[in-house]
Amino acid sequence: DAEGALAIPNPHSCNRASMNEWLLYTMTWASQLSGYPFPDTLPEVRWESEGWFSHRVCEDRMPCPIFGLYEYADVIFLREDLTDSAKDHVAVHEFVHYLQHHSGRFDLTSCVDTDKREREAFRVQTRFVAEVQNGFTKFLFNHLPCKPEP
């Protein structure tokens with residue numbers, strides 16, 4: 001973990017104050033590294049099991065390689081089995097999606113824009129790991145197979 005980083009709240013036993021501090025910490029990094037303004041309101045974070053993610057986004061396949069999900073409301077879903085450092089960088093990735101949505105810069109029904117949003121979120125996540133957590137992970141994203149848009 002990065003020096004000076006906040007302790008990650010245990011999703012099952014954290015108090016509201018430590019969760020709010022962690023939300024502010026990770027959203028601040030998402031905003032600073034992406035260039036999007038800090039939002040007026042913070043999303044709710046819900047911690048869910050791998051089984052929940054498997055059912056929701058992996059067509060009930062296990063293992064499910066999805067660790068976070070943002071579906072354009074004010075809720076971010078994160079896997080409850082993430083390590084402390086992974087909770088931070090996965091949250092930053094999902095918070096970038098939250099900021100993208102609230103920026104109004106993207107057509108949420110466009111495959112090309114979805115591809116752009118994912119690439120941007122992975123770039124920010126990679127920067128967070130390198131610059132904040134002093135890690136060396138590079139997150140790779142396969143481009144979506146989009147048909148040319150009119």
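Residues numbered from 1 in each chain as written. Predicted model: local features only at pLDDT ≥ 70, side-chain atom pairs only at ≥ 80, totals over all residues. Heavy atoms only, no water.

**Some details on the confidence of the model for the protein**
Point 1. Considering every residue of the protein, the mean pLDDT works out to 84; 79% of them sit at 70 or more.
Point 2. Scored below 50 in pLDDT, residues 1-9 shows 17 contacts in the model against residues more than four places distant or in partner chains. (pLDDT = per-residue confidence, 0-100. Contact = heavy atoms within 4.5 Å.)

**A few points about a nonpolar patch on the surface**
Point 1. Among the surface-exposed residues, Leu 24, Phe 38 and Leu 42 lie close enough to one another that they form a single nonpolar patch of about 230 Å² accessible area.
Point 2. Within the secondary structure, Phe 38 is located in the loop between helix 1 (16-34) and strand 1 (44-48). (Patch = residues over 30% accessible without salt bridge, like charges linked within 9 Å, V, L, I, M, F, W, Y side chains within 5 Å. Areas by Shrake-Rupley, 256 points an atom, 1.4 Å probe, with all protein chains shown as cover. Salt bridge = Lys/Arg side-chain N within 4 Å of Asp/Glu carboxyl O. Helix = DSSP H or I, 4+ residues; strand = E, 2+ residues; numbered from the N terminus.)

**A look at the nonpolar core**
Point 1. Of all hydrophobic cores here, the largest spans 27 residues; its most connected members are Trp 22, Ala 30, Val 45, Ile 76, Leu 78 and Phe 95.
Point 2. Elements that contribute at least two residues to this core include exactly helix 1, strand 1, strand 3 (75-79), helix 3 (84-103) and helix 4 (111-131).
Point 3. The biggest single contributor to this core is helix 3, with eight residues. (Core = buried A, V, L, I, M, F, W, Y, C linked by side-chain atoms within 4.5 Å. Buried < 20%, exposed > 50% of the residue type's maximum accessible area, 1.4 Å probe, protein only.)

**Some points on the pattern of salt bridges**
Proximity of charged atoms lets side chains of opposite charge pair with each other.
Point 1. The final tally for this structure, using the stated rule, is eight salt bridges.
Point 2. We note a salt bridge from Asp 113 to Lys 116, for which the minimum N-O separation is 3.9 Å. One end of the pair is Asp 113 and the other is Lys 116, both in helix 4 and three residues apart, which spans about a single turn.
Point 3. Ionic pairing is found between Arg 119 and Asp 115, a salt bridge with its closest N-O pair at 3.0 Å. Separated by four residues within a single helix, Arg 119 and Asp 115 lie in helix 4, roughly one turn from each other.
Point 4. In the salt-bridge network here, residues are joined through shared partners; they are Glu 50, Arg 79 and Asp 81.

**So, the sheet that holds strand 3**
Point 1. Ordered in space as 1-3-2, the three strands form an open sheet in which the pairing is mixed. Looking at strand neighbours, the two that pair on one side only are strand 1 and strand 2 (68-70), the edges of this open sheet. Recorded for the sheet is a direction-independent mean angle of 20° between the axes of neighbouring strands.
Point 2. Packed onto the sheet, helix 2 (residues 50-57) meets strand 1, strand 2 and strand 3 and runs at close to 120° relative to strand 3.
Point 3. With respect to the sheet, helix 3 is in contact with strand 1, strand 2 and strand 3, its orientation differing from that of strand 2 by roughly 10°. (Pairing = 2+ DSSP bridges. Axes fitted to C-alpha atoms, helices over the stretch in contact; angles between N-to-C directions.)

**Considerations on the packing of helix 3 against helix 4**
Two packed helices can be described by the angle between their axes and the distance between those axes.
Point 1. In contact at an axis separation of 9 Å, helix 3 and helix 4 are set at 140° when each is read in the N-to-C sense. One way to sum up the angle between helix 3 and helix 4 is to call them oblique. Between helix 3 and helix 4 the crossing geometry is right-handed. Residue-level contacts link Asp 88, His 89, Val 90, Val 92, His 93, Val 96, His 97 and Gln 100 of helix 3 to Arg 117, Glu 118, Glu 120, Ala 121, Phe 122, Val 124, Gln 125, Phe 128 and Val 129 of helix 4.
Point 2. Residues of the contact of helix 3 with helix 4, tallied by class, amount to eight nonpolar, five polar and four charged. (Parallel < 35°, antiparallel > 145°, perpendicular 65-115°, else oblique. Left-handed = near helix turned anticlockwise from the far one by under 90°. Nonpolar A, V, L, I, M, F, W, Y, C, P; charged D, E, K, R; others polar.)

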